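Commentary on secondary and tertiary structure
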Amino acid sequence: MSNPVATQGAEAFAQAYLRATVAHALLHFREPAKMSELQDACNLPALDMDILRYVLGSNSDLFTSTERRWTVSTRFEDPTRPVHAVVERILRDTGQPVSLESLAYLLAEIYHRTPQAMAVVVYRLSDEHFFRLPDNRIGLREWLLHTGYDSAEHVAFYNYVHFAEAQQMLQKHPQFDGSPASVVALLREVRAPLSARFIAFLQWYTSPESFHALQAYQSVLHAEGIIALPLQEAGTLNPTAHWALAEWVPQWVDSVRPQAKQMSGLLAQLMAEPLVLSVEDVEGMVQRVLQSTSIVNAEDLARTFFDLTPSDPTYANDLETITLSLRHDERVMWLGGTRFINKENLPAYLFEIPESLRFPEVQFYTEQGEPLEIDLEDEGLSGTLRSDILDPVAQDVDDEEDRMTIFPIPESVQCVVKARHKEIGTFPLCQIPAGFFQEQPKFQQVTFVDESTGERFTEVYVNQDQRLIFGLLDWYSTREAVSGLVFTLTRTEDPFVFTVRWEDTLDQRVHISRARHEELLDMSTRIAQIYSTFDIICEILSTHRGGMEFLSILSEVNVIRRTRRRRVASVLSAFQAFYLRGGLWHLDEKKRDAGIDRAKRKHIRK
């Protein structure tokens, strides 16, 4: 005779319940399921990945994995076994009725028949081996009480119920009337799961005339707060069905949580398989990127598609496998590291030089027909202009020398923001040495982290083909100055994350006050289209009687009209109206109409 009261501890109850719950959830999948899908299907808040891995890894007799997906081992059962034996095993493992549809699809894989054909087989077998509920769920007949005997003692004996213990239970709990509510009350008083047949015997013994075995089972199965689980009893070869209270489950699960967490690493290693991507896997990830309106990380894909987490032993290699597979697909755009995006979701302006940074082709002539817009060879540049034009701050997008290479690559660089870039949130790469940003990809998304506030600017893009950084408008807006702002850019361990810090000083060489900037914008409106570079410089120097450095002149000229550094340096060097004194350039109004110095003509580029 079986013991009606389950005497195992909380851990045993937890293992039985979790094993049955996971098995039952897997039967709803028509193919092996990912761990994340299985976790959702179990619908058990206390079931985290450590516990799920523990359940799957410690029950190899019931669960098996294939290509990082899980299923019940019954799926690979010997097709020569009788159908009723296979169904019986499934039902014993779950401890509760299973839908005919789920059984049919699983059996169809085992016996290589259609699900419809296997449904008919199970339906016919239900008369002998199983029972069928109105919603077409199938259960084991042994879960029901058989009452066709001539005495209560015989009913108890042939249903493996200890008659004396049943009587004692009813004497101790006289309020038990067989109703679902009284079953809940009895379980709460006993404080342990009870055998389903024992409960059924109590229901029959209390009201034998109105007792119907299937209806009695259904009443408990559908009772709120009651769960079914298979428990091994002393003297039995197979688990038998028990009833328990759902409110006990969290405590049970908590009892195995420390062990699950402790074994998680070992089980992860034992269960680990190198990730092998199928064509379908890659296509699924590509479609996820194409359908997303934002950046998609390979880490998210690893978790969503393959249940991979950083704790997995093969995580680093698997992440690289995912990343490389997407990098080789031309439909998605690699933004560096593990980040991908649908290029159609990026603004077109990120892939071209903004109009305000383009250099217009202009030419003006003297009354004699001589060109005023000239460029000199290096030998014709006066004073320090030959070296001044090589200053990274003098250079700009589409007007720069060959890329700077500094060894070793510095950890930090100071950057000077000029007016036109401040207006549109860009920064030229000419001020940043080669190698400071990753060489590949040529277009990449990076993150700037403000050292003082911790604010993260993630919509920052480095376009190494166009030689510009985009997306700094929000960063720039935290400062009032128009031009000459200085910030320090520092590399971090992550090659796509940088810290930024505003410096307290301004670069006076290119600094323009807000009032002066308004004046220059007004001049731009009035003269940019009709004045030569020579005339623009004259206008600027006429308001700076004390003289100006080359970079200051270049900065103000570029507010009025976008002009290359060599053009400004050449005009200053060639025209007699300009002269250098004390490192500053001055305008000699008396020589404004003197034209180009004859000695400089031979250095004019053709």
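What follows deals with the overall build of the protein. Helix and strand counts for the protein come out as 22 helices and 20 strands. For the protein, the C-alpha atoms occupy an extent of roughly 135 × 50 × 40 Å along the three principal directions. Residues counted as buried form 51% of the 606 residues belonging to the protein. The contacts of the protein with a sequence gap of at least 6 include a subset with a gap of at least 24, amounting to 67%. Accessible surface for the protein amounts to roughly 28900 Å². Of this, 49% is attributable to carbon and sulfur atoms. Considering the protein, the positive charge centre built from 60 side chains and the negative charge centre built from 85 side chains are found 6 Å apart.

Bringing the nonpolar core into the picture now. Core analysis: the largest hydrophobic core is formed by 94 residues, its most contacted members being Val22, Phe63, Leu107, Phe201, Ile226, Trp243 and Trp252. Here this core gets 9 residues from one element, more than from any other, and that element is helix H1 (residues 10-26). Not counting the four nearest positions on each side in its chain, phenylalanine 63 is found in contact with Arg19, Val22, Ala23, Leu26, Val55, Leu56, Trp70, Thr71 and Ser73. The next biggest cluster of nonpolar side chains, apart from the first, holds 45 residues, and it includes Leu372, Val510, Ile536 and Ile537.

Turning our eyes to something else, we now look at the packing of aromatic side chains. To describe a pair of aromatic rings, one takes the distance between the centres and the angle between the planes. By the definition in use, this model includes 30 aromatic pairs. Considering the side-chain rings of phenylalanine 131 and tryptophan 143, the 6.3 Å spacing of their centres and the 65 degrees angle between planes classify their relative orientation as edge-to-face. Of this pair, phenylalanine 131 sits in strand E4 (residues 130-132) while tryptophan 143 sits in the loop between strand E5 (137-140) and helix H7 (152-158), placing them 12 residues apart in sequence. Their ring planes at 5 degrees and their centres at 4.5 Å tell us that tryptophan 475 and tryptophan 502 sit as a pair that is stacked. One end of the pair, tryptophan 475, is in helix H18 (residues 473-476); the other, tryptophan 502, is in strand E18 (residues 497-506), with 27 residues separating them in the sequence. Judged by its relative accessible area of 0%, tryptophan 475 falls in the buried class. Here tryptophan 502 falls in the buried class, since its relative accessible area comes to 9%. Among the aromatic residues, those joined into a cluster by ring pairs are Phe427, Phe457, Trp475, Tyr476, Phe487 and Trp502. The positively charged end of arginine 30 is found above the aromatic ring belonging to tyrosine 105, 3.8 Å away from the centroid.

By the secondary structure assignment, valine 460 is in strand E15 (residues 456-463). On a C-alpha basis, the gap between valine 460 and serine 524 in space is 30 Å, while along the polypeptide they are 64 residues apart. Not counting residues within four places of it along the chain, the set of residues in contact with valine 460 comprises Gln444, Gln445, Val446, Phe448, Ile469, Phe470, Gly471 and Leu472.

Tracing the backbone shows threonine 338 in the loop between strand E10 (333-336) and strand E11 (339-341). Only 2.7 Å separates the side chain of threonine 338 from the side chain of glutamate 299, close enough to count as a polar contact. Look past the residues within four positions of threonine 338 in its chain and what remains in contact with it is Val296, Asn297, Ala298, Glu299, Leu319 and Thr323.

Quick reminder: α-helices carry 3.6 residues per turn. Residues three or four places apart thus point the same way. Taking 1.5 Å per residue as the helical rise, helix H13 (residues 279-291) with its 13 residues ought to reach 18 Å, and the 18 Å between its terminal C-alpha atoms agrees with that figure. Of the positions making up H13, those classed as buried are Asp281, Val282, Met285, Val286 and Val289. The buried residues of H13 occupy an angular sector of 130 degrees when projected down its axis, which confines them to one face. H13 presents Val279, Glu280 and Gln291 as exposed residues on the side facing more than 90 degrees away from its buried surface. Contact partners of the buried residues in H13: strand E2 (69-72), strand E9 (296-297), helix H14 (298-306), helix H15 (315-327) and E11.

Once that is clear, we can look at the sheet that holds strand E3 (residues 98-99). Read across the open sheet, the 3 strands follow the order E3-E5-E4; overall the sheet is antiparallel. Unpaired on one side and paired on the other, E3 and E4 mark the two borders of the sheet. In this structure, E3 lies alongside E5, joined through 2 bridges in antiparallel fashion. Directly across from valine 98, in E5, lies its bridge partner isoleucine 138.

Here strand E14 (residues 443-450) lies mainly inside the structure; 8 of its 8 residues are buried. Side chains Phe443, Gln445, Thr447 and Val449 of E14 all project onto a buried face; the interleaved residues Gln444, Val446, Phe448 and Asp450 project onto the opposite face, where all are buried too. With 6 bridges connecting them, E14 and E15 associate as antiparallel partners. Bridging across to E15, phenylalanine 448 finds its partner in phenylalanine 457. Between E14 and E15, which pair antiparallel one after the other, the connecting turn spans 5 residues, and glycine 454 there sits at a positive phi close to 80 degrees.

Let us look at the packing of helix H19 (residues 514-527) against helix H21 (residues 550-560). H21 packs onto H19 with a crossing angle of 50 degrees between their chain directions and a minimal axis gap of 7 Å. The angle between H19 and H21 falls in the class oblique. Contact residues: H19 offers Arg516, His517, Leu520, Leu521, Met523, Ser524 and Ile527, while H21 offers Glu556, Val559 and Ile560.

This part is about the pattern of salt bridges. Applying the stated criterion to the full structure yields 42 salt bridges. Here lysine 261 makes a salt bridge to aspartate 50, at a shortest N to O gap of 3.8 Å. Here lysine 261, found in helix H12 (residues 249-271), pairs with aspartate 50, found in helix H3 (residues 49-57); they are 211 residues apart in sequence, far enough to count as distant. Judged by its relative accessible area of 58%, lysine 261 is exposed. A salt bridge links arginine 509 to aspartate 391, with the shortest nitrogen-to-oxygen separation between them at 2.8 Å. Taken as a pair, arginine 509 in the loop between E18 and H19 and aspartate 391 in the loop between helix H16 (385-388) and strand E12 (412-417) lie far apart in primary sequence, 118 residues in all. Here the salt bridges do not stand alone but share partners, grouping Arg19, Asp61, Glu77, Arg81, Arg89 and Asp93 into one network.

Structurally, leucine 473 can be placed in helix H18. A residue is classified by how much of its surface remains accessible, and leucine 473, at 43% relative accessible area, is partly exposed. Separated by 388 residues in the primary sequence, leucine 473 and alanine 85 place their C-alpha atoms 70 Å from one another. Ignoring anything within four residues of it in the chain, the contact list for leucine 473 reads Lys422, Glu423, Ile424 and Gly425.

Scoring rules and cut-offs
- Residues numbered from 1 in each chain as written.
- Predicted model: local features only at pLDDT ≥ 70, side-chain atom pairs only at ≥ 80, totals over all residues.
- Heavy atoms only, no water.
- Helix = DSSP H or I, 4+ residues; strand = E, 2+ residues; numbered from the N terminus.
- Buried < 20%, exposed > 50% of the residue type's maximum accessible area, 1.4 Å probe, protein only.
- Contact = heavy atoms within 4.5 Å.
- Areas by Shrake-Rupley, 256 points an atom, 1.4 Å probe, with all protein chains shown as cover.
- Lys, Arg positive; Asp, Glu negative; His and termini not counted.
- Charge placed at Lys NZ, Arg CZ, Asp CG, Glu CD.
- Core = buried A, V, L, I, M, F, W, Y, C linked by side-chain atoms within 4.5 Å.
- Phe/Tyr/Trp six-rings, centres within 6.5 Å; stacked < 30°, edge-to-face > 60°.
- Lys NZ or Arg CZ within 6 Å of the ring centre and 35° of its normal.
- Polar contact = N/O pair within 3.5 Å; in protein donor to acceptor, adjacent residues only side chain to side chain.
- Expected span 1.5 Å × (residues − 1).
- Arc of directions from axis to C-beta.
- Pairing = 2+ DSSP bridges.
- Axes fitted to C-alpha atoms, helices over the stretch in contact; angles between N-to-C directions.
- Parallel < 35°, antiparallel > 145°, perpendicular 65-115°, else oblique.
- Salt bridge = Lys/Arg side-chain N within 4 Å of Asp/Glu carboxyl O.

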